[in-house]
Amino acid sequence: MSYNRGVGRETIEAKRKRAIEVLDRLETEMPQVRIQLDYHTPLQLLVAVILSAQCTDKRVNLVTPALFQRFPDARAYAAVKPEEVEPYIQTCGLYRAKAKNLVAAAKALVAEHGGEVPRSREALEKLPGVGRKTAGVVCIHLGGDAAFPVDTHVKRLAGRLGFTTQSHPDKVERELQALVPQERWMKGHQLLVWHGRRTCFARSPACQRCVVADLCPKRGVRAPRARPTDAPRARP
Ligand code: SF4
């Protein structure tokens, strides 16, 4: 049983206002929030985001310095077999599939984009190993197509906050885009990801210390059990 507070029959305008207030408060709480993956070039960003699937950003940042040194551009990845990439990323999980995708994506970049990373979400989604979320994350950080990428945190929070009843990430993204002005999509994505990491945990959200608790219907959240301390907060 959940202990959600209803937001009643909320008009779309009221929901938009609430979404903006949520983002305002999260931005006040986490003004420095940014992507945690280390990169210096568009290709490094694309590679790091591909590696981050089912892996922590921290772990990705541990393996990428050696990987980026060995493979400085798309042609370097495209020239080798996936087995030559595997040793550099084997602590990242799903490393065989990721190595295969990195080499295949690099070949496509060389063949179709002159070795450069496209800024179009549609073009990025055609690369092996690049789904809609990955393409969206790359786009917003490279100044490409606007997007409100929906990862596991964004999807969970959008549901709990009553911003969507959808479960498919594409539909969740469309609903968020309808609530939030486009110029705030990138920061909105980052803030929801970080709020999910620091406070609105998947299993036991720390609603008692959440800065948007009074704005949140807590959809699907179970009443908290007594516990001595909250989990420590990660720093954005
Ligand atoms: S921590 Fe609780 S109150 Fe805060 S956004 Fe998550 S479900 Fe809502």
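Given the structure is predicted, the values throughout are model-derived calculations rather than measurements.

A. Molecular detail of the overall build of the protein. Scanning the protein from N- to C-terminus turns up eleven helices and zero strands. Each helix and strand of the protein, placed in order from N terminus to C terminus, yields the pattern α-α-α-α-α-α-α-α-α-α-α. Whereas a compact globule of 236 residues would reach a radius of gyration of roughly 18 Å, the protein reaches 19 Å, a difference of no more than 12%. Principal axes of the C-alpha set define a box for the protein whose edges measure 60 × 40 × 30 Å. For the protein, with 236 residues in total, the buried portion stands at 35%.

B. The site of the ligand, seen in detail. In the neighbourhood of the ligand, 14 residues make up the surrounding shell, with Cys200, Pro205, Cys207, Cys210 and Cys216 lying closest. Class assignment for the residues of the shell around the ligand results in eleven nonpolar, one polar and two charged.

C. Representation of the environment of Gln44 within the structure. Relative to the assigned elements, Gln44 resides in helix H2 (residues 42–51). Along the backbone, Gln44 and Cys210 are 166 residues apart, and their C-alpha atoms lie at a distance of 34 Å. In contact with Gln44, other than residues within four places in its own chain, are Tyr39, Thr64 and Phe68.

D. Seen up close, the packing of H2 against helix H3 (residues 57–70). Two numbers describe how H2 lies on H3: the axes approach to 11 Å, and their chain directions differ by 140°. Taken together, the axis directions place H2 and H3 in an arrangement best described as oblique. Like other packed secondary-structure pairs, H2 and H3 cross with a definite hand, here right-handed. From H2, Gln44, Ala48 and Leu51 reach across to H3, where they touch Val60, Thr64 and Phe68. Taken together, the residues of the contact of H2 with H3 sort by class into four nonpolar, two polar and no charged.

About the criteria used
- Residues numbered from 1 in each chain as written.
- Predicted model: local features only at pLDDT ≥ 70, side-chain atom pairs only at ≥ 80, totals over all residues.
- Helix = DSSP H or I, 4+ residues; strand = E, 2+ residues; numbered from the N terminus.
- Rg over C-alpha atoms; globule rule 2.2 N^0.38 Å.
- Buried ≥ 20, exposed ≤ 12 C-beta atoms within 10 Å, placed from the backbone.
- Near = placed C-beta within 6 Å.
- Nonpolar A, V, L, I, M, F, W, Y, C, P; charged D, E, K, R; others polar.
- Contact = placed C-beta atoms within 7 Å.
- Axes fitted to C-alpha atoms, helices over the stretch in contact; angles between N-to-C directions.
- Parallel < 35°, antiparallel > 145°, perpendicular 65-115°, else oblique.
- Left-handed = near helix turned anticlockwise from the far one by under 90°.

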